[in-house]
Amino acid sequence: MDAQVIEQLKAGIEFERTRTGPPEGFPQLPDIPAGRYTDPEFLRLEQAHLWKKAWLYAGHVDELPEAGSFKLWRRTGSPIVILRDNDNHIRAFYNTCRHRGGPLVKEESGTLPGGLVCGFHGWTYTLAGELVSLRDQRDFVGLDMSCRSLIPVRCERLGNWIFINEDADAPALADTLGPIHDYFCSLPLDTLRLVSHQTFDVNCNVKTFLETFLEVYHLKSTHPQTVDRFLDHRGTHIILWPRGHSLMLSPNRRPGWVDPGAQGMPEMAGATELEREASPSFNIFPNLVTPVSPTGLPFNLIWPVSERRSLLEVIWFAPDWGGGARHDRWDTRLRNYERILGEDLAFIEQMQASIESAGFHGVPLNYQERRIYHWHEELDRRIGADHIPASLRVAPVLDNWVREGWT
Ligand code: FES
Ligand SMILES: [Fe+2]
């Protein structure tokens with residue numbers, strides 16, 4: 001990361017530490033309507049306009065080690081098979097046979113030495129999705145096999161990370177990510193390895209949960225013995241970027257502090273003062289939150305299941321550790337992280353019960369919580385305000401506070 005940008009970010013932290021109120025001209029944030037967290041119709045709009053039209057993290061190439069390796073991915077509700085083809089390209093297709101929709105793979109993951117074979121009547125496709133054989137071809141008079149390839153799903157890589165987008169017309173991933181793309185390209189993306197993958201099933205709306213990752217106002221009350229001991233939430237510098245993305249840069253309380261759980265671990269090439277002296281936490285809109293440390297980073301991915309149930313995936317990545325086992329401090333580090341998540345989870349399910357009660361009317365957000373409002377503004381842009389009942393819309397008020405770059 002550019003030294004001049006780091007200096008500007010440090011100045012941003014200093015401004016936040018010393019200010020006596022929000023900066024001049026910062027707007028009053030209208031309350032977020034309660035129905036956005038509970039209304040099944042609103043969830044349906046999110047499903048159609050957000051989840052099926054966004055770039056979403058779907059896997060790491062380590063999960064597809066050889067030609068023919070595949071994984072089944074259903075986080076948007078559609079069955080999608082992601083695979084490595086014979087040319088080592090990662091591809092994605094709907095797991096949907098072009099005959100009558102039979103599944104091509106039924107296991108969660110595995111290898112496909114003979115291409116993709118539908119179990120229902122045996123239509124066979126190459127790993128590039130071309131239909132190459134079907135039984136009793138004499139009875140499909142005039143069927144043009146070249147027009148019956150599997151339907152591809154947009155699939156792009158950022159280093160070893162695989163992203164999926166069901167929207168065939170979506171802009172390229174790099175263009176969507178903007179400055180976040182440039183930042184990640186300064187890290188050794190092609191050599192980051194998958195450390196661990198955990199999934200938590202949580203009884204709350206996806207937004208209720210996601211929002212806890214978008215602010216540090218809760219640190220003092222929720223994490224007094226953990227995160228609050230090393231991060232100074234009052235110095236948190238925030239950048240709101242177009243398309244709903246954002247950065248929250250929280251400085252360490254003490255200069256030179258090193259996470260005891262990560263002591264002795266090798267640093268990523270490209271790590272700077274930014275990750276050593278602060279915690280830069282990115283939100284790749286909509287559901288990926290990653291606080292980057294010099295020695296590794298977790299992807300926190302929050303997925304909707306129903307209006308009151310969601311899944312959290314926590315996936316850690318670290319610089320390549322060579323041939324042996326991963327660093328022996330990882331067990332402790334993962335346990336520490338799980339403890340922090342537990343502190344959030346202790347509130348979250350009860351909050352959902354409250355949100356569904358007559359005691360909940362809406363969410364007043366403060367200046368420190370503006371990333372949440374920014375997220376909701378983008379949600380309405382994606383859905384299209386005209387599709388949303390007036391009582392559930394959020395008014396756009398942050399336009400003047402969104403930046404194209406780092407400053
Ligand atoms: S549904 Fe796949 S071969 Fe018939
Ligand atoms: Fe938290």
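Below is a summary of the structure that appears in this document. Just so it is clear, the structure is predicted and the values come from calculations on it, not from any experiment. (Residues numbered from 1 in each chain as written. Chains lettered and ligands numbered in written order. Predicted model: local features only at pLDDT ≥ 70, side-chain atom pairs only at ≥ 80, totals over all residues.)

## Comments concerning the sheet that holds strand E3 (residues 69–73)
In step 1: An order of E5-E4-E3-E6 is seen for the 4 strands of this open sheet, with the pairing classed as antiparallel. Where the open sheet ends on each side, the last strands, each with one partner, are strand E5 (90–94) and strand E6 (109–111). This sheet shows a mean twist of 25 degrees between the axes of neighbouring strands, independent of strand direction.
In step 2: As judged from the 4 bridges shared by E3 and strand E4 (residues 80–84), these two strands associate in the antiparallel manner. The partner of leucine 72 across the bridge, within E4, is valine 81. (Pairing = 2+ DSSP bridges. Helix = DSSP H or I, 4+ residues; strand = E, 2+ residues; numbered from the N terminus. Axes fitted to C-alpha atoms, helices over the stretch in contact; angles between N-to-C directions.)

## Digging into the sheet that holds strand E2 (residues 56–60)
In step 1: Read from one edge to the other, the open sheet built from 3 strands follows the order E2-E11-E10, with strand pairing classed as antiparallel. Each edge of the open sheet carries a strand with a single partner, namely E2 and strand E10 (154–158). If you compare each strand with its neighbour and ignore which way they point, the axes differ by 35 degrees on average.
In step 2: Two strands pair when backbone bridges link them, and E2 and strand E11 (residues 161–165) are joined in this way by 4 bridges, in the antiparallel orientation. When the sheet's bridge partners are listed, histidine 60 is paired in E11 with tryptophan 161.

## Observations concerning the pairing of strand E13 (residues 237–240)
In step 1: Judged by which residues are buried, E13 turns out to be covered on both faces: His237 and Ile239 on one side and Ile238 and Leu240 on the other are all buried.
In step 2: Where E13 meets strand E14 (residues 246–251), 4 bridges bridge the pair, whose relative direction is antiparallel. The residue bridging isoleucine 239 from the neighbouring strand is leucine 247, located in E14.
In step 3: The hairpin formed by E13 and E14 contains 5 residues between the paired strands, and arginine 243 there has a positive phi angle of roughly 65 degrees. (Buried ≥ 20, exposed ≤ 12 C-beta atoms within 10 Å, placed from the backbone.)

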